[in-house]
Amino acid sequence: HEDGTVRFWDASGVSLKPLYKLGTASIFQTDCEHDSLNQAGEEEWPPFRKVGCFDPYSDDPRLGVQKIALCKYTAKMVVAGTAGQVLVMELSDEKSEHVVSVATVDLLQDREGFTWKGHDRLAPRNGPLPFAPGFQPSVLVQCVPPAAVTAVTLHSEWNLVAFGTSHGFGLFDYYRRNPVLARCTLHPNDSLAMEGPLSRVKSLKKSLRQSFRRIRKSRVSGKKRLNASSPSSKVQEANAQLAEQAGPPEVEMTPVQRRIEPRSADDSLSGVVRCLYFADTFLRDAAHHGPTMWAGTNSGSVFAYALEVPSQEKFSERAVEAVLGKEIQLMHRAPVVAIAVLDGRGNPLPEPYEVSRDLAKAPDMQGSHSMLISSEEQFKVFTLPKVSAKTKFKLTAHEGCRVRKVALVSLASAGSEERLENCLACLTNLGDIHIFTVPGLRPQVHYGCIRKEDISGIASCVFTKHGQGFYLISPSEFERFSLSARNVTEPLCRLEVARLQDTSCLSNSSTAMPKLPQANGTHVPCSPEGQRSPANSDRSPEEHPAAFSPGPIDSPNSSMENPLDTTGDITVEEVKDFLASSEEAERNLRNASEDEARPTGILIK
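Presented here is a report on the structure given in the accompanying data block. (Residues numbered from 1 in each chain as written. Predicted model: local features only at pLDDT ≥ 70, side-chain atom pairs only at ≥ 80, totals over all residues. Heavy atoms only, no water.)

### Digging into the packing of aromatic side chains
Taken as a whole, this structure holds eleven aromatic pairs when the rule is applied. Where Phe169 meets Tyr305, the ring centres are 6.0 Å apart and the plane angle is 75 degrees; that geometry is what we call edge-to-face. With Phe169 in strand S14 (residues 168–173) and Tyr305 in strand S18 (residues 301–308), this residue pair connects regions lying 136 residues apart in the sequence. Here Phe169 matches Tyr305 in class, with each residue buried. (Phe/Tyr/Trp six-rings, centres within 6.5 Å; stacked < 30°, edge-to-face > 60°. Helix = DSSP H or I, 4+ residues; strand = E, 2+ residues; numbered from the N terminus. Buried < 20%, exposed > 50% of the residue type's maximum accessible area, 1.4 Å probe, protein only.)

### A few points about unusual backbone geometry
With an omega dihedral of 5 degrees, the bond running from Leu384 to Pro385 counts as a cis peptide bond. Mapped onto the fold, Pro385 is located in the loop between strand S22 (378–383) and strand S23 (388–394). In the Ramachandran plot, Ala75 falls in the positive-phi region, its phi being about 60 degrees despite a non-glycine side chain. With respect to the helices and strands, the residue Ala75 is situated in the loop between strand S4 (65–71) and strand S5 (76–81). With a relative accessible area of 21%, Ala75 lands in the partly exposed category.

### Considerations on the pairing of strand S27 (residues 443–448)
Across the six residues that make up S27, only a small minority, zero, are buried. Of the pairings in the sheet, the one linking strand S26 (residues 432–437) to S27 comprises five bridges and is antiparallel in character. The residue of S27 that forms the bridge with Ile435 is Val445. What sits between S26 and S27 in their antiparallel hairpin is a turn of five residues, with Leu441 showing a positive phi close to 60 degrees. (Pairing = 2+ DSSP bridges.)

### Considering empty space enclosed by the protein
Evaluated as defined, the whole model comprises two cavities of 30 Å³ or more. Taken as a whole, the second largest cavity spans an internal volume of roughly 50 Å³. In this structure, the second largest cavity is lined by Thr24, Phe28, Leu63, Gly64, Val65, Val79, Ala80, Gly81, Gln85 and Leu87. In terms of residue count, S5 provides more of the lining of the second largest cavity than any other element does, three residues in total. Within the lining of the second largest cavity, the residues separate by chemical class into six nonpolar, four polar and no charged. (1 Å grid on protein atoms, 1.4 Å probe; cavity = no way out; pocket = protein on both sides within 12 Å on 5 of 7 lines; lining within 4 Å. Points joined across faces, edges and corners; volume = space filled by probe spheres on them. Nonpolar A, V, L, I, M, F, W, Y, C, P; charged D, E, K, R; others polar.)

### Focus: the sheet that holds strand S8 (residues 101–106)
Judged by pairing direction, the sheet is mixed, and its five strands sit side by side in the order S4-S5-S6-S11-S8 without closing on themselves. Bordering the open sheet on either side are S4 and S8, each of which pairs with just one other strand. Ignoring strand direction, the axes of neighbouring strands in this sheet form an average angle of 20 degrees. Two strands pair when backbone bridges link them, and S4 and S5 are joined in this way by six bridges, in the antiparallel orientation. If you follow Cys71 over to S5, its bridge partner there is Lys76. (Axes fitted to C-alpha atoms, helices over the stretch in contact; angles between N-to-C directions.)

### Some points on the side chain of Asp364
Assignment of secondary structure puts Asp364 in the loop between strand S20 (336–342) and strand S21 (370–375). Although Asp364 is buried, it forms no salt bridge, and the closest oppositely charged side chain is Arg345 at an N-O distance of 4.2 Å. Each residue touching Asp364, except ones within four places of it in the same chain, is listed here: Asp343, Gly344, Arg345 and His369. (Lys, Arg positive; Asp, Glu negative; His and termini not counted. Salt bridge = Lys/Arg side-chain N within 4 Å of Asp/Glu carboxyl O. Contact = heavy atoms within 4.5 Å.)

### Brief notes about a nonpolar patch on the surface
A cluster of nonpolar side chains, Trp9, Leu16 and Phe478, forms an exposed patch at the surface whose accessible area comes to about 300 Å². Considering the arrangement of structural elements, one finds Trp9 in strand S1 (residues 5–10). (Patch = residues over 30% accessible without salt bridge, like charges linked within 9 Å, V, L, I, M, F, W, Y side chains within 5 Å. Areas by Shrake-Rupley, 256 points an atom, 1.4 Å probe, with all protein chains shown as cover.)

### Details of the environment of Arg404
Following the sequence through the fold, Arg404 ends up in strand S24 (residues 403–412). Taking the relative accessible area as the measure of exposure, Arg404 reaches 32% and is therefore partly exposed. Put simply, Arg404 and Leu427 are 23 residues apart on the chain and 5.6 Å apart in space, counted from C-alpha to C-alpha. In contact with Arg404, not counting residues within four places along its chain, are Val337, Glu376, Leu427, Thr428, Asn429 and Ile458.

### Remarks on the state of the cysteines
The tally for this structure, following the rule as stated, stands at zero disulfides. Left without a disulfide partner, Cys426 is nearest to the cysteine sulfur of Cys401, which lies 6.8 Å away. The class for Cys426 is buried, based on a relative accessible area of 0%. (Disulfide = S-S within 2.5 Å.)

### Some details on the environment of Gly300
Within the secondary structure layout, Gly300 lies in the loop between strand S17 (290–297) and S18. Sequence separation of Gly300 and Ala334 is 34 residues, and the distance between their C-alpha atoms is 4.9 Å.

### Topic: the sheet that holds S21
Strand order in the open sheet made by the four strands is S20-S21-S22-S23, with antiparallel pairing throughout. Whereas interior strands pair on both sides, the edge strands pair on one side only; in this sheet they are S20 and S23. Taking the axes of each pair of neighbouring strands and ignoring which way they run, one obtains an average angle of 15 degrees across the sheet. As defined by bridge partners, S22 adjoins S23 across six bridges and the pair is classed as antiparallel.

### A word on the pairing of strand S30 (residues 477–482)
Two strands pair when backbone bridges link them, and strand S29 (residues 468–474) and S30 are joined in this way by six bridges, in the antiparallel orientation. Residue pairing for S30: Gly469 is matched across the bridge by Phe481. In textbook terms, the turn of a hairpin is the stretch between consecutive antiparallel strands, and for S29 and S30 this stretch comprises two residues.

### Observations regarding the pattern of salt bridges
Across all of its chains, the model carries nine salt bridges by this definition. A salt bridge links Glu327 to Arg183; its shortest N-O distance comes to 3.9 Å. With a gap of 144 residues between them, Glu327 in strand S19 (residues 321–329) and Arg183 in strand S15 (residues 178–184) connect regions that are remote in the sequence. Notably, a salt bridge pairs Arg274 with Glu376, separated by 3.4 Å at the nearest N-O pair. Residue Arg274 is found in strand S16 (residues 273–281), and its partner Glu376 is found in the loop between S21 and S22; the two are separated by 102 residues along the sequence. On the basis of relative accessible area, Glu376 is assigned to the buried category, the value being 9%. Connected through salt bridges with shared partners, the residues Arg274, Glu376 and Arg404 form a single ionic network.

Shown next as structure tokens:
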């Protein structure tokens, strides 16, 4: 949150329940503390003294939390903020009072010609600080300049945390509490990155000027293409039309691709680090694999570092070392949104400690690994360690949209948990979700999920590992959706009615039927064996009789503008009449087929 808090919620049910609130403001000295400035003079009477500050915007904006990385196996968490602060925290069951270690990482690396014009860093409090049970900070890493952290990742098995800002990225060993790597990604023309978020209004003229230059270039190139339409080009067009008419009708034509203008290398904020990734893969040669770190920037650059990580027994003796192994530049210079490494079978690499705790299969280290780079315009798979292009899919050229969020999800079959499919889920700037196979990058399906006007909802969307997702529908409300046919979280409602006499005849039919979860939030009732007959597979809910609902039931595909009215349909007299004719109801229920049996109760939508 913007006030420096991190809140934990129980998301196992259909509604979020608050579990725990963590505050980080107590570690720093904020702008609201003006004890020395607000003291009244000794000669003034009465001696008023300011004891607090009231301001609707009194929270220091530098406390805002930007990124979070959490390891659920070791209970370690990294919280990164707006002023370049990176906190490494550990979960403790007891309260404690200790000193938080502070380390500074200079991302500019003494580069000349750059002056930071933004906000100052947050000053940490001195001395031992009391902490309640829960997550307690152990190390504070301060980035210089104190720009907002744009990417962070944690590898608890290697005791490493990587972080990036608009100036570069760094690598920190929180076990030995010393920096390992600092790399500046600024371009010589990245003056906007030095101004901070509050000074970007000054660059409005510059951005407009660059936009008009791009439009002018595209118009000039379009005129050149029109002038090039000579009689020979018309002959070529006629020949192409004749070839299309002569060809067989079943031949599929390649889809029309939009022309994408390559981005300029001197665009502002081109050095912003967009993603960071740890992987145990082949980087130096095809015979030896080892720890690596990958970083992607806003200008389409990818940096790969080979890491020398000592064994757990020698963590205190040897330091971690990082050596630059590869440097990749995408052709169109589109921002890199995500990086992932696939093993020899095409599966994503497991998380730290998953293999050692028998929670995931060990990755295939015999076959060649692949690297998936997702930019705002396309997905591309490279082979490792040669880094040669294997396959790609141009999303912007085909669909006319840009990538906003990407995640590798594991989709399980509704019939068997053993049948798994690893897919690439992508959310675009139009609010659509596209699903692709990996590593083939074949389009599977796409859904309309979020309105394209809902910019905050698209920016806040996150995917889970098993195909579910969350996004903000308001500043205080989350919407939950699912791409999986098996992992669906949705409410199942039923109202049971107490019987006054002889309910044994209805005991078999009053039990709840197993229901198949649907991805769109609806449920189709089925027989007790969990299957429906083919004859009733296409029947709508209106065709199934209900014991207590004589009126028609709305279809699951009905509009939300016409809600089901469940008030006034049942009266006490109708219930008494039904109970009085229990013998007739028993005879009808015994003769009814199993596929038409419904639980005794009121259907609630």
